[in-house]
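This is what each chain is made of:
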Amino acid sequence: MFRTSLRRSVPSICLLAALLGAAPAHAAQTRAFALCSDFSTGSLSAAGLDTRAVSVDVASIHSDAVARWHGGRLYVVNRFLADNVQVIDPSDWGTELQFSVGNGSNPQDIAFASSTKAYVSCYGSSSVLVVNPQTGATIGSPISLAPLADGDGIPEMGRMIRVERWLLVACQRLTNFAASNPSVIAVIDTEADTLVDVVVGVPGV
């Protein structure tokens, strides 16, 4: 588990809460997915939450992966040394799309603004990628988080969550994969695709 913190004052946290507003309601969940790995190969299994029936090893994935559910599809982010996003159709567990996010990018998460717009965070990059999850094509320019980086110039972006128009990005700011710097949370406006300055009166974003 990665620890992140918001290195800001209490008024700043109140401002961030005001930006976020109330969380949207979600439909009842019916399935759970397990991503399994022996650090050499990876596999996907699924379970029905009502029936408790388990489908084992329904699809092959990378040995280092995380997943997000969106629009009836499972998006598997294949991370270190794979550098791609795998889109799985749960009706037959087939991979209907797999797209690269760049060699050495080491993607960590994917978050969705709509059915045709998503964001991908990467350890090996200082920018959040903007992609069409239906095609894998990039949209516009990446969103630079370089101002939040530590000494190596990379903020080590990890997990993300979108609340209404705001995308929160955990920046771990690691040094050789060690937590030697305070972590921060970046706030991105998904309508403008720009960083939000949540601390008014302090220089920089």
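In this report, we go over the structure that sits alongside the text. The model shown is predicted, which means the values in this text are computed figures rather than measured ones.

## Side note on the overall build of the protein
Then step 1. When its secondary structure is counted, the protein shows 1 helix and 15 strands.
Then step 2. Buried positions account for 42% of the 205 residues belonging to the protein.
Then step 3. On the protein, roughly 10800 Å² of surface is accessible, and the fraction owed to carbon and sulfur atoms is 55%.

## Points about the pairing of strand β8 (residues 107–114)
Then step 1. Here β8 lies mainly inside the structure; 6 of its 8 residues are buried.
Then step 2. Pairing of β8 with strand β9 (residues 117–122), which is carried by 6 bridges, proceeds in the antiparallel orientation. Directly across from Pro107, in β9, lies its bridge partner Cys122.
Then step 3. Connecting the antiparallel pair β8 and β9 is a turn made up of 2 residues.

## Points about the sheet that holds strand β13 (residues 166–171)
Then step 1. Spatially, the 4 strands line up as an open sheet ordered β12-β13-β14-β15, and their pairing is antiparallel. The open sheet has two free edges, formed respectively by β12 (157–163) and β15 (194–195), since each of these has just one partner strand.

## Structural notes on the packing of aromatic side chains
Then step 1. Within this structure, the stated rule accounts for 4 aromatic pairs.
Then step 2. Ring centres of Phe33 and Trp69 lie 5.6 Å apart, and the angle between their planes is 20 degrees; this geometry places the pair in the stacked category. Here Phe33, found in strand β1 (residues 31–37), pairs with Trp69, found in strand β4 (residues 65–70); they are 36 residues apart in sequence, far enough to count as distant.
Then step 3. Overall, the relative accessible area of 42% leaves Trp69 in the partly exposed class.

## Looking at the sheet that holds strand β11 (residues 143–144)
Then step 1. Strands sit in the order β8-β9-β10-β11 across an open sheet of 4 strands; the sheet is antiparallel. A strand with exactly one partner marks an edge of an open sheet, and here the two such strands are β8 and β11.

## A closer look at the pattern of salt bridges
Then step 1. Tallied over the entire structure, the rule returns 8 salt bridges.
Then step 2. Measuring nitrogen to oxygen at the nearest pair gives 2.8 Å for the salt bridge that ties Asp109 to Arg68. Separated by 41 residues along the polypeptide, Asp109 in strand β8 and Arg68 in strand β4 bring together distant segments of the chain.
Then step 3. The exposure class of Asp109 is buried, given its relative accessible area of 0%.
Then step 4. In this structure, the salt-bridge partner of Glu191 is Arg165, at a minimum N-O distance of 3.3 Å. One end of the pair, Glu191, is in the loop between β14 (184–189) and β15; the other, Arg165, is in the loop between β12 and β13, with 26 residues separating them in the sequence.
Then step 5. A relative accessible area of 60% means that Glu191 is categorised as exposed.
Then step 6. By relative accessible area, Arg165 is classed as partly exposed at 31%.

What counts, and at which threshold
- Residues numbered from 1 in each chain as written.
- Predicted model: local features only at pLDDT ≥ 70, side-chain atom pairs only at ≥ 80, totals over all residues.
- Heavy atoms only, no water.
- Helix = DSSP H or I, 4+ residues; strand = E, 2+ residues; numbered from the N terminus.
- Buried < 20%, exposed > 50% of the residue type's maximum accessible area, 1.4 Å probe, protein only.
- Areas by Shrake-Rupley, 256 points an atom, 1.4 Å probe, with all protein chains shown as cover.
- Pairing = 2+ DSSP bridges.
- Phe/Tyr/Trp six-rings, centres within 6.5 Å; stacked < 30°, edge-to-face > 60°.
- Salt bridge = Lys/Arg side-chain N within 4 Å of Asp/Glu carboxyl O.

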